Amino acid sequence: MTFTWTLWFALFGLIFGHGLPGAVVGGITGFIIDSLRQGQRRRVTPEAGGYVSPLFALLGAVAKSDGRVSEAEIAVAERLMQRMGLEPEQRKQAIISFNAGKQVEFDVTPAIEDLRRWVGLRRDHAFPVLDVVIETVLAEGNPPPEKMAILRQLAFALRVSDMELMALMAMKGYAWNATGGSRGRGYANYGNGGYVPPQRTTQGPDPYTVLGIARSVDDRAVKRAYRKLISEHHPDRLGDLPEAMRKQAESRASEINAAYERIKAERGFK
């Protein structure tokens with residue numbers, strides 16, 4: 001914690017507040033301001049590396065949720081460790097966490113809560129976390145409901161809507177309709193075979209889904225949605241996240257720009 005305002009107010013009180021009593025009052029006032037500013041920074045800026053253990057535990061749980069962990073899902077976790085440039089000790093912890101997540105008795109809720117606390121108010125940090133989990137969800141193609149249920153539980157905890165989740169899936173080349181399942185804190189209840197998995201698209205992502213809007217909206221709504229998305233997904237806002245997550249953010253920003261350009265060309269506006 002820094003004491004910049006404490007020192008400045010104490011000095012101000014010393015000069016203009018009749019000596020030592022003024023310095024004490026000024027110092028207390030400045031200390032309160034410094035404490036509030038420090039608390040705000042803690043809420044806004046996530047602790048570097050604080051997501052590694054809960055993230056890999058959640059990846060293990062996603063991989064095991066359908067009863068077996070495939071080589072493709074293990075490969076996703078290994079590639080992520082490499083891309084994130086984890087130190088040996090961090091890599092060891094990631095492996096331990098992944099294996100813990102694979103256990104039948106593992107409860108995903110505490111891991112999701114840890115990620116929610118780490119993300120805090122930073123929605124721009126929520127999307128890279130979801131992006132990584134989506135890779136595991138889609139590792140074997142069209143995912144079963146158990147995997148999607150964990151993903152939706154995480155998205156709900158990170159204050160990311162189904163529409164935004166549909167956009168992230170679209171950027172991965174999958175079309176998904178969020179209707180048809182309940183949105184609880186646990187596994188979604190699709191019931192009576194009502195679950196329809198995300199489907200890989202062959203014609204590229206739908207630009208309207210990527211922007212999270214309906215085709216019926218006007219041009220002004222298109223522009224507003226684009227500006228909001230590109231602001232949230234811009235890699236320059238990611239702070240101390242690893243280069244791997246920054247590259248994923250760059251990829252998402254490219255998808256958003258491409259979708260916007262397609263809609264502009266279709267509608268004929270600049």
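What you are looking at is a predicted structure, and each value in this text was computed from that prediction instead of being measured. (Residues numbered from 1 in each chain as written. Predicted model: local features only at pLDDT ≥ 70, side-chain atom pairs only at ≥ 80, totals over all residues. Heavy atoms only, no water.)

Draft legend 1. Expanded view of the overall build of the chain. A count of helices and strands for the chain gives 12 helices and 2 strands. When the helices and strands of the chain are placed in sequence order, the string is α-α-α-α-α-α-α-α-α-β-β-α-α-α. Here the chain holds 270 residues, and the buried ones make up 44% of them. In the form shown here, the chain has an accessible surface area of approximately 14000 Å², with 56% of it arising from carbon and sulfur atoms. (Helix = DSSP H or I, 4+ residues; strand = E, 2+ residues; numbered from the N terminus. Buried < 20%, exposed > 50% of the residue type's maximum accessible area, 1.4 Å probe, protein only. Areas by Shrake-Rupley, 256 points an atom, 1.4 Å probe, with all protein chains shown as cover.)

Draft legend 2. Focus on the nonpolar core. Ranked by size, the top nonpolar core spans 63 residues in total, and within it Phe56, Val133, Leu151, Leu154 and Leu211 carry the most contacts. Formed jointly, this core draws a minimum of three residues from each of two domains, domain 2 (51–172) and domain 3 (200–267). (Core = buried A, V, L, I, M, F, W, Y, C linked by side-chain atoms within 4.5 Å. Domains from an automatic or database assignment.)

Draft legend 3. Layout of the pattern of salt bridges. In total, this model carries 15 salt bridges according to the counting rule given. Residues lysine 228 and glutamate 164 are paired through a salt bridge, measuring 3.8 Å at the closest nitrogen-oxygen approach. With lysine 228 in helix α11 (residues 219–233) and glutamate 164 in helix α9 (residues 162–171), this residue pair connects regions lying 64 residues apart in the sequence. Residue glutamate 266 pairs with arginine 215 through a salt bridge whose shortest N-O separation is 3.8 Å. (Salt bridge = Lys/Arg side-chain N within 4 Å of Asp/Glu carboxyl O.)

Draft legend 4. Examining helix α7 (residues 123–137) more closely. Here α7 spans 21 Å end to end across 15 residues, near enough to the 21 Å set by a 1.5 Å rise per residue. Taking burial as the measure, the 15 residues of α7 include 15 buried ones, the bulk of the element. (Expected span 1.5 Å × (residues − 1).)

Draft legend 5. Molecular detail of the packing of aromatic side chains. The full count for this structure, using the stated rule, is 2 aromatic pairs. Ring centres 3.9 Å apart and planes at 5° place the aromatic pair tyrosine 226 and tyrosine 260 in the stacked group. Taken as a pair, tyrosine 226 in helix α11 and tyrosine 260 in helix α12 (residues 243–267) lie far apart in primary sequence, 34 residues in all. On the basis of relative accessibility, which here comes to 17%, the residue tyrosine 226 falls in the buried class. (Phe/Tyr/Trp six-rings, centres within 6.5 Å; stacked < 30°, edge-to-face > 60°.)

Draft legend 6. Seen up close, helix α3 (residues 52–64). For α3, built from 13 residues, the straight-helix expectation of 18 Å at 1.5 Å per residue is met to within 8% by its first-to-last C-alpha distance of 18 Å. Judged by how many residues are buried, α3 sits mostly within the fold: 11 of 13 residues are covered. Inspection of α3 places Val52, Pro54, Leu55, Phe56, Ala57, Leu58, Leu59, Gly60, Ala61, Val62 and Ala63 among the buried residues, and these make up the whole buried set.

Draft legend 7. Structural view of unusual backbone geometry. Its identity is not glycine, yet arginine 159 carries a phi of approximately 60°, on the positive side. Relative to the assigned elements, arginine 159 resides in the loop between α8 (145–157) and α9. Under the relative-accessibility criterion, arginine 159 is labelled partly exposed at 41%.

Draft legend 8. Structural context of the confidence of the model for the chain. Per-chain confidence: the chain averages 78 in pLDDT, with 72% of residues scoring 70 or above. Across the chain, the secondary-structure element scoring lowest on mean pLDDT is helix α2 (residues 20–44), at 56, and the one scoring highest is α3, at 94. The model gives residues 39–48 a pLDDT under 50, and that stretch makes 11 contacts with residues more than four places away or in other chains. Predicted confidence for residues 181–192 stays below pLDDT 50, and this span has 25 contacts to residues more than four positions away or in other chains. (pLDDT = per-residue confidence, 0-100. Contact = heavy atoms within 4.5 Å.)

Draft legend 9. Highlighting the side chain of glutamate 135. Tracing the sequence through the fold places glutamate 135 in helix α7. With a relative accessible area of 19%, glutamate 135 lands in the buried category. A polar contact is formed between the side chain of glutamate 135 and the side chain of arginine 83, at a distance of 3.3 Å. Beyond its immediate stretch of four places on either side in the chain, glutamate 135 contacts Val76, Arg83, Lys172 and Gln248. (Polar contact = N/O pair within 3.5 Å; in protein donor to acceptor, adjacent residues only side chain to side chain.)

Draft legend 10. Spotlight on the packing of helix α4 (residues 71–84) against α7. Packing of α4 against α7 leaves a shortest axis separation of 9 Å and a crossing angle of 150°. In terms of their interaxial angle, α4 and α7 are classed as roughly antiparallel. Contacts between α4 and α7 involve Glu73, Val76, Leu80 and Arg83 from the first element and Val132, Glu135 and Thr136 from the second. When the residues that make up the contact of α4 with α7 are grouped by side-chain class, the tally is 3 nonpolar, 1 polar and 3 charged. (Axes fitted to C-alpha atoms, helices over the stretch in contact; angles between N-to-C directions. Parallel < 35°, antiparallel > 145°, perpendicular 65-115°, else oblique. Nonpolar A, V, L, I, M, F, W, Y, C, P; charged D, E, K, R; others polar.)

Draft legend 11. Region of the structure containing the packing of α7 against α11. At a closest axis distance of 8 Å, the pairing of α7 and α11 adopts a crossing angle of 75°. When the interaxial angle is binned, α7 and α11 end up roughly perpendicular. Touching Arg123, Asp124 and Phe127 of α7 are Lys228, Glu232 and His233, all from α11. Tallied by class, the residues present in the contact of α7 with α11 amount to 1 nonpolar, 1 polar and 4 charged.

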